[in-house]
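So you can see what is in the structure, the chains are spelled out below.
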Amino acid sequence: MYGLMLFFVVFLLICFAGYRSSQENKRFKEAYDAFLEENEGSEFFCYTNRELFCSFIEEKLIPNLEGDIFIVKLEGKVPKSEFDEKFMSYSLCRLRNVGFPNVMKIVNGQFIDHSIHNEIYNAINNEKFDEVQTIVQNALLKIRGACKNA
């Protein structure tokens, strides 16, 4: 008899936890969709705190980016920006072109992205510092053009 009651209590707790989890997921998704809608058309430049390149990116590249591009710095797996960390983390986990630095844009309620990882690091490693800005601008043009085709 006690076994049956224990089973019933555990079953109810599992059902309650599952329901609560699904409600939390639903609320997050609604808030995330609102975030995307509020920031439709926003462009982002995301980079990592990789020691060899971080100072170059912060000192030479970021100051020359257009003022309306949002900067996201990955410190480990934690995205640092002016936006909600959970939203940015969720967005970064869903990128199609993984690799950082990456340029992104919110188009029709979703992030489109373009990784410039290889191009940037090759330019910096080969001391072609003057090419880095052009690489980023070309990537931005690519995602801007992609949104016209979306």
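Everything numeric here is computed off the predicted structure, so don't read it as measured data.

Trainee: Outline the overall build of the protein, listing residues and values.
Mentor: The number of helices and strands found in the protein is five helices and five strands. Taken across its 150 residues, the protein has 35% of its residues classed as buried. Taking as baseline every contact in the protein between residues at least 6 positions apart, the subset at least 24 positions apart corresponds to 59%. Of the roughly 9700 Å² that the protein leaves accessible, carbon and sulfur atoms contribute 54%.

Trainee: Just give me the short version of the packing of aromatic side chains, but keep the residues and values in it.
Mentor: Scanning all chains against the criterion turns up 15 aromatic pairs. Between F70 and F83 the ring centres are 4.8 Å apart and the planes differ by 75 degrees, which places this aromatic pair in the edge-to-face class. Linking F70 in strand 2 (residues 69-75) with F83 in the loop between strand 3 (78-80) and helix 3 (85-93), this pair joins segments that are 13 residues apart in sequence.

Trainee: A description of helix 4 (residues 117-125) should follow, citing residues and the corresponding values.
Mentor: All of the buried residues in helix 4 are I120, Y121, A123 and I124. The buried residues of helix 4 occupy one face: seen down the axis, they fall within an arc of 160 degrees. For helix 4, the exposed residues lying more than 90 degrees away from the buried face are N118 and N125. Backbone geometry just downstream of helix 4 places E127 in the positive-phi region, at approximately 55 degrees.

Criteria and cut-off values
Positions within a chain are numbered from 1, following the residues in the order the chain's sequence is written. Reporting in this predicted model follows two pLDDT cut-offs: at least 70 for local features of residues, and 80 or more for side-chain atom pairs to be given and counted; totals over whole chains, interfaces and linings ignore these cut-offs and use all residues. The side-chain numbers reported here are obtained from all heavy atoms of the structure, hydrogens and water having been left aside. Numbering goes from the N terminus for both helices and strands, where a helix is a DSSP run of H or I of at least four residues and a strand is a run of E of at least two. Burial classes follow relative accessibility: with a 1.4 Å probe on protein chains only, a residue under 20% of its type's maximum area counts as buried, one over 50% as exposed, and anything between as partly exposed. Note on contacts: a residue pair is in contact if any heavy atoms of the two residues lie within 4.5 Å. Using a 1.4 Å probe, accessible areas were evaluated by the Shrake-Rupley method; residue-level cover was limited to the displayed protein chains. Two rings from Phe, Tyr or Trp (for Trp, the six-membered ring) form a pair when their centres sit within 6.5 Å of each other. Planes less than 30 degrees apart are called stacked, planes more than 60 degrees apart edge-to-face, and all others tilted. What the arc covers is the set of directions going from the helix axis to the C-beta atoms.

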